[in-house]
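# Examining the three-dimensional arrangement
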Amino acid sequence: MNLYPVRAIYMAEMARTRRTLLQSIVSPVISTSLYFVVFGAAIGSRISEIDGVSYGAFIVPGLIMLMLLTQSVSNASFGIFFPKFSGSIYEILSAPISYLEIVVGYVGAAASKSILLGLIILLTSNFFVPLEIAHPIWMLTFLVLTAVTFSLLGFIIGIWADGFDKLQLVPLLVITPLTFLGGSFYSIDMLPPFWQTVTLANPVVYLVSGFRWSFYGISDVSLAASVAMILLFLTASLATIAWIFRTGYRLKP
Amino acid sequence: MNDPIITIEGLNKTYEGGFQALSRVDLTIQRGEIFALLGPNGAGKTTLISVVCGLVNPTLGHVVVDGYDSVSHYRQARERIGLVPQELTNEAFETVWNTVSFSRGLFGKSPNPAHIEKVLKSLALWDKRNNRLMTLSGGMKRRVLIAKALSHEPRILFLDEPTAGVDVELRRDMWNVVRGLRDNGVTIILTTHYIEEAEEMADRIGVINRGEIVLVEEKAALMNKLGSKQLTLQLHTPLTVLPAALEQDELSLAADGYELVYTYDGRQEEEGRGISALLTQLEKAGIGFKDLHTRQSSLEDIFVDLVKERP
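In this text the structure is predicted, and so the values were computed from the model without any measurement. (Residues numbered from 1 in each chain as written. Chains lettered and ligands numbered in written order. Predicted model: local features only at pLDDT ≥ 70, side-chain atom pairs only at ≥ 80, totals over all residues. Heavy atoms only, no water.)

Turning our attention to the overall build of chain A. Assigned secondary structure in chain A consists of 10 helices and 0 strands. Along chain A, from the amino end to the carboxyl end, the secondary structure elements read α-α-α-α-α-α-α-α-α-α. The globule rule puts the C-alpha radius of gyration for 253 residues at 18 Å, and the 19 Å found for chain A is close to it. In terms of overall dimensions, chain A has C-alpha extents of about 60 × 35 × 35 Å along its principal axes. Within chain A, residue pairs in contact and separated by at least 24 positions form 81% of the contacts whose partners lie at least 6 positions apart. Element-wise, carbon and sulfur atoms account for 72% of the exposed surface of chain A, whose accessible area totals about 10,800 Å². (Helix = DSSP H or I, 4+ residues; strand = E, 2+ residues; numbered from the N terminus. Rg over C-alpha atoms; globule rule 2.2 N^0.38 Å. Contact = heavy atoms within 4.5 Å. Areas by Shrake-Rupley, 256 points an atom, 1.4 Å probe, with all protein chains shown as cover.)

We now examine the domain arrangement of chain B. As assigned here, chain B comprises domain 1 (4-210) and domain 2 (227-298). Taken over C-alpha atoms, the centre of domain 1 of chain B sits 47 Å from the centre of domain 2 of chain B. (Domains from an automatic or database assignment.)

Moving on to the side chain of Ser187(A). Residue and element names in this part refer to chain A. Looking at the secondary structure, you find serine 187 in the loop between helix H7 (164-180) and helix H8 (193-199). In terms of polar contacts, serine 187 uses its side chain to reach the side chain of aspartate 220, at 3.1 Å. Once residues within four sequence positions are removed from consideration, serine 187 is found in contact with Ile50, Phe58 and Asp220. (Polar contact = N/O pair within 3.5 Å; in protein donor to acceptor, adjacent residues only side chain to side chain.)

On the chain B side, the residues contacting the 26 residues of chain A number 30 residues. Together chain A and chain B conceal approximately 2,500 Å² of surface at their shared face, both sides included; 58% is due to carbon and sulfur atoms. Run the count over chain A and chain B and you get 3 salt bridges. One can count 6 residue pairs in polar contact (both at pLDDT 80 or more) joining chain A with chain B. (Buried area = accessible area lost by both parts, 1.4 Å probe. Salt bridge = Lys/Arg side-chain N within 4 Å of Asp/Glu carboxyl O.)

Moving on, we get to the nonpolar core. Residues Phe155(A), Ile6(B), Ile8(B), Leu48(B), Leu157(B), Phe158(B) and Ile188(B) are the most contacted members of the largest nonpolar core, which totals 94 residues. Element by element, the count of residues in this core is highest for helix H5 (residues 138-150) of chain B, at 7 residues. In contact with Ile8(B), other than residues within four places in its own chain, are Val25(B), Asp26(B), Leu27(B), Leu48(B), Val52(B), His62(B) and Val63(B). (Core = buried A, V, L, I, M, F, W, Y, C linked by side-chain atoms within 4.5 Å. Buried < 20%, exposed > 50% of the residue type's maximum accessible area, 1.4 Å probe, protein only.)

Our next topic: empty space enclosed by the protein. A complete count under the given rule lists 6 cavities of 30 Å³ or more for this structure. What the largest cavity holds in volume is close to 200 Å³. Ala12(A), Glu13(A), Tyr106(A), Glu91(B) and Phe102(B) are, among the 17 residues lining the largest cavity, the residues nearest its centre. For the lining of the largest cavity, the elements supplying multiple residues, two or more each, are helix H1 (3-19), helix H3 (55-86) and helix H4 (89-94) of chain A together with helix H3 (96-106) of chain B. (1 Å grid on protein atoms, 1.4 Å probe; cavity = no way out; pocket = protein on both sides within 12 Å on 5 of 7 lines; lining within 4 Å. Points joined across faces, edges and corners; volume = space filled by probe spheres on them.)

A word on the packing of aromatic side chains. What the rule picks out here adds up to 22 aromatic pairs over all chains. Judged by centre distance (4.9 Å) and plane angle (70°), the ring pair of Phe85(A) and Phe164(A) falls under edge-to-face. Residue Phe85(A) is found in helix H3, and its partner Phe164(A) is found in helix H7; the two are separated by 79 residues along the sequence. By relative accessible area, Phe85(A) is classed as exposed at 52%. Look at Phe164(A) and you get partly exposed, because its relative accessible area is 39%. Look at Trp97(B) and Trp126(B): their rings are 6.1 Å apart centre to centre, the planes differ by 70°, and that puts the pair in the edge-to-face class. In this pair, Trp97(B) is assigned in helix H3 and Trp126(B) in the loop between helix H4 (113-122) and H5, connecting sequence segments 29 residues apart. Overall, Trp97(B) belongs to the partly exposed group, its relative accessible area being 23%. For the cation-ring pair, Lys121(B) lies above Trp126(B), with the distance from its terminal atom to the ring centre recorded as 4.9 Å. Between the NZ or CZ atom of Arg129(B) and the centre of the ring of Trp126(B), over which it lies, the distance is 4.0 Å. (Phe/Tyr/Trp six-rings, centres within 6.5 Å; stacked < 30°, edge-to-face > 60°. Lys NZ or Arg CZ within 6 Å of the ring centre and 35° of its normal.)

Residues and elements named next belong to chain B. Residue placement: aspartate 249 occurs in the loop between strand E11 (229-235) and strand E12 (251-254). For aspartate 249, a relative accessible area of 80% gives the class exposed. C-alpha separation for the pair aspartate 249 and tyrosine 264, spaced 15 residues apart in sequence, amounts to 9.9 Å.

Residues and elements named next belong to chain B. Spatially, 4 strands are ordered E2-E1-E4-E5 in an open sheet, and the strand pairing comes out antiparallel. Sheet topology places strand E2 (20-30) and strand E5 (68-69) at the edges, where each strand pairs with a single neighbour. Relative to strand E4 (residues 60-65), strand E1 (residues 4-14) runs antiparallel, the two being bridged by 5 bridges. For asparagine 12, the partnering residue across the bridge sits in E4 and is leucine 60. (Pairing = 2+ DSSP bridges.)

Below you can see the structure in the form of structure tokens.
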């Protein structure tokens, strides 16, 4: 692997983040803080503890996950969609670089951004609720794996999308509902038995559950199931990207 | 001179939907030459370039760049190539300096600010280096695209319609840069549908139409063919046949005998015939004319003929 092209793409993408600081960092942090204020402080005081964790603290991992998933997808999708839209992708495709290098550059930058965002939100949440992190290594592992996996998914969406509307379609219509229904704000034990079973078909449940376990040692599903699910996602995304580049799908006629 | 830097063999490209953009294209580009690819819109010029640069997958055939197959050894092939696309595309919010440096990195070269500076200066972009691309005029954007292509010191430069919508000054600057590159041994392939451009710049000219290479010729040889001129004399009284004294290959009657057409190039004059001799002969034969005009057939005429011939 030649590092110069990877670095060029990575640095250009990070420069784009700096240019769009308001949209890419400030705005998600503020909107997450609003959740903390409303659900954590205002309503949360009226909700009883869940498994010995105050409601305000209980929702922190879920909220970080929500931002991590939506931001990873929209960052990475925009990063590759924009050159495609403006036509400047000709340069990427005519450069002497492998697909792997392209993906590492774009997805690496998008994931870095999401990880940074996740950590900032984590710090911010500390102002609203007392935080404890039972398994910090696992926490970071989940954070990084989720950021990378969903940035890969975003990259795929960016290549697939042929208009700005489709770019927003997946984060708004798929990721956000799945995260809201994926136990970000509640423990799935609180659902009627039938809906508990249905919920298990939602992949985000496994991500939120594993991530929450790394904070408080409580989970809806087993740690192994969470890890398996995220690795499954990762593999599926990588396989899709490999297929995209092999066939030139929506990149090379 | 036979030292090919690009060899294209049996290249076919059929797009999804069945449109055949290239059909059995064989073409060899010599090291260090300026090759002009001429053709009408939609002839396949851009597709041909795109296949060589790796933007379009060929349906059949292959391309060898400086000894490296463009598909199996794409790294070696592509790092030798700089591409200036036809469309003005760029990352609107980047500065000139950043986008040109980015291109260098993308092509796997270590940072070299001195080289970037040299490129920007040669294209009169140095003063604009900290400007965002979206604040630049169309001509400046075109210069940036050229700078990006030169940032990684390519051995081969593709210019796809470089002068479309470009003013005279930029055109002149650009040709100076191109000549400078050629002097440094860079091979240049340009597509255009402006024939003067090819006449002015190219060593060899290829004509492509409907996805097929119709002709490839040294410019000098082509210009000889094109160098022919026509003198048309409008006669007072129509002739039915040419007087025997005037009988020669170059002379013919047209417009029901009202016009006498003389086709010539440099040769006749050298042989002591030529226009003045003809006029003397006409006077002797008592053929009067009321008007005359000459016309030089251009590359354009031949080009139009070549392109028309094919249904």
